[in-house]
Amino acid sequence: MNAIIDRVKEDIACVFERDPAAQSVWEVITAYPGFHAVLIHRLSHRCWTAGYRWLARFISHIARWLTGIEIHPGARIGRRFFIDHGMGVVIGETAVIGDDCTLYHGVTLGGTSWKKGKRHPTLHDGVVVGAGAKILGPIDIGEGARVGSNSVVLKPVPAGATVVGIPGHLIDPNVKKEKAEREAIAYRMGFDPYGAKADMPDPVANAINRMLDHIHAMDQQLETMKKALDEAGIHYPEPPPIPRLEGCEIEDGYEHEPKPD
Ligand SMILES: CC(=O)SCCNC(=O)CCNC(=O)[C@H](O)C(C)(C)COP(=O)(O)OP(=O)(O)OC[C@H]1O[C@@H](n2cnc3c(N)ncnc32)[C@H](O)[C@@H]1OP(=O)(O)O
Ligand SMILES: N[C@@H](CO)C(=O)O
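In this report, the structure presented in the accompanying data block is examined. (Residues numbered from 1 in each chain as written. Chains lettered and ligands numbered in written order. Predicted model: local features only at pLDDT ≥ 70, side-chain atom pairs only at ≥ 80, totals over all residues. Heavy atoms only, no water.)

Turning to the site of ligand 2, a few remarks are in order. The full set of residues close to ligand 2 is Asp19, Pro20, Ala21, Asp84 and His85. Within the side chain of Asp19, an N or O atom sits 2.6 Å from a nitrogen atom of ligand 2. Within the side chain of Asp84, an N or O atom sits 2.8 Å from a nitrogen atom of ligand 2. For ligand 2, whose free accessible area comes to 230 Å², the fraction covered by protein is 60%. Looking at side-chain class alone, the shell around ligand 2 contains two nonpolar, one polar and two charged residues. (Near = heavy atom within 4 Å. Polar contact = N/O pair within 3.5 Å; in protein donor to acceptor, adjacent residues only side chain to side chain. Areas by Shrake-Rupley, 256 points an atom, 1.4 Å probe, with all protein chains shown as cover. Nonpolar A, V, L, I, M, F, W, Y, C, P; charged D, E, K, R; others polar.)

A word on the pattern of salt bridges. Under the counting rule described, the total for this entry stands at eight salt bridges. In this structure, the salt-bridge partner of Arg42 is Asp11, at a minimum N-O distance of 3.2 Å. Placement of Arg42 in helix α3 (residues 33-49) and of Asp11 in helix α1 (residues 2-18) is noted, with a sequence separation of 31 residues between them. Note that Asp100 and Arg18 form a salt bridge whose closest N and O atoms lie 3.6 Å from each other. Placement of the pair is Asp100 in the loop between β5 (96-97) and β6 (102-103) and Arg18 in helix α1, with a sequence separation of 82 residues. Overall, the relative accessible area of 18% leaves Arg18 in the buried class. Put simply, Glu10, Arg18, Arg79, Arg80 and Asp100 are held in one network by salt bridges that share partners. (Salt bridge = Lys/Arg side-chain N within 4 Å of Asp/Glu carboxyl O. Helix = DSSP H or I, 4+ residues; strand = E, 2+ residues; numbered from the N terminus. Buried < 20%, exposed > 50% of the residue type's maximum accessible area, 1.4 Å probe, protein only.)

Moving on, we get to the sheet that holds strand β11 (residues 140-141). Strand order in this open sheet of four strands is β2-β5-β8-β11, and the pairing throughout is parallel. Edge strands, defined here as strands with exactly one partner in the open sheet, are β2 (76-77) and β11. Sheet analysis places β5 next to strand β8 (residues 122-123), joined by two bridges and oriented parallel. Bridge assignment links Ile97 to a residue of β8, and that residue is Leu123. (Pairing = 2+ DSSP bridges.)

All right, on to helix α5 (residues 173-188) then. For α5, which comprises 16 residues, the first-to-last C-alpha distance of 23 Å matches the rise-based estimate of 22 Å (1.5 Å per residue) to within 8%. Every buried residue of α5 is listed here: Ala180, Glu181, Glu183, Ala184 and Ala186. (Expected span 1.5 Å × (residues − 1).)

With that out of the way, let us pick up the sheet that holds strand β1 (residues 70-71). Sheet strands associate in pairs through backbone hydrogen bonding, adopting either a parallel or an antiparallel arrangement. If you trace the five strands from one edge of the open sheet to the other, you get β1-β4-β7-β10-β13, paired in parallel fashion. The sheet is open, and its two borders are formed by β1 and β13 (152-153), each paired with just one other strand. Bridge count for β1 against strand β4 (residues 90-91) is two bridges, and the pairing is parallel. The residue of β4 that forms the bridge with Ile71 is Ile91.

So, about the site of ligand 1. Taken together, 13 residues lie near ligand 1, and Ala131, Arg146, Ser149, Lys176 and Lys179 sit nearest. Backbone polar atom of Ala131 to an oxygen atom of ligand 1: 2.7 Å apart, as the coordinates give it. At a separation of 2.9 Å, a nitrogen atom of ligand 1 approaches a polar backbone atom of Ser149. Protein chains bury 50% of the 980 Å² of accessible surface belonging to ligand 1 in isolation. Mapped onto the shell around ligand 1, the elements with two or more residues apiece are β14 (162-164) and α5. Its residues placed into classes, the shell around ligand 1 shows four nonpolar, six polar and three charged.

This is the structure in structure tokens:
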């Protein structure tokens, strides 16, 4: 019994970690359909595994009425699972969800086949699935991966990756890094990197972009040379650290000044 209470406490605590709108424990207990759905699923799943299959289905059907969230009682769900908002979430029979996963409303963990057997996705620990996303088929979504809202994901996603779009494609971390760098430089020079329209080229931005391309090419050449020297066992003096501006935050290895509102 204590173990059950501890789990419920965890289910409540994780809402505060992942929803800035959460006000109080009383609010979570009384007004969070995702919390209700998970609680009822834990009961229906027990009935399912104990062989009371109709009862399990009936309980999950009642939960669907109450919350707008449909979780098949056969689905295996880990600890601290949070469904925010919840309406329209559908989780199939053979879905497996690890610990600390989060779903938003409208998410489907669905199948693409009419054959029995494993046909729904497996979400590893810490996966976040954005509103309206559909993950279809017996595919693995790796630990800590993020699925963008409204994506349709049909292929496995590696741990830590972010996937967006239809069909889902991975966001290239290098492209993201480069974008952050361009933004940081643009803000430092006092202009909005999103201000210039595509049909009105900005000569300053173009000049900076060309400089950045050049710096990237040099970076890559230096990396290749360092690697070759390392492989050949040739020692070289460590380069001095890159000077950082005071007060800047470092993210992804780049300096960021606070963005203007
Ligand atoms: C009431 C409520 O608030 S309910 C809460 C609803 N919120 C959600 O469902 C959150 C889901 N989160 C997302 O969709 C996020 O966009 C994430 C996690 C996929 C990506 O976030 P970040 O890693 O910060 O990526 P970032 O915003 O820098 O975008 C990277 C690229 O992906 C694109 N992108 C981001 N999200 C999506 C999406 N859902 N679909 C298509 N493209 C997307 C961006 O446009 C950008 O492309 P660009 O480099 O060509 O400009
Ligand atoms: N509940 C989350 C998403 O809507 C927030 O308020 O940010």
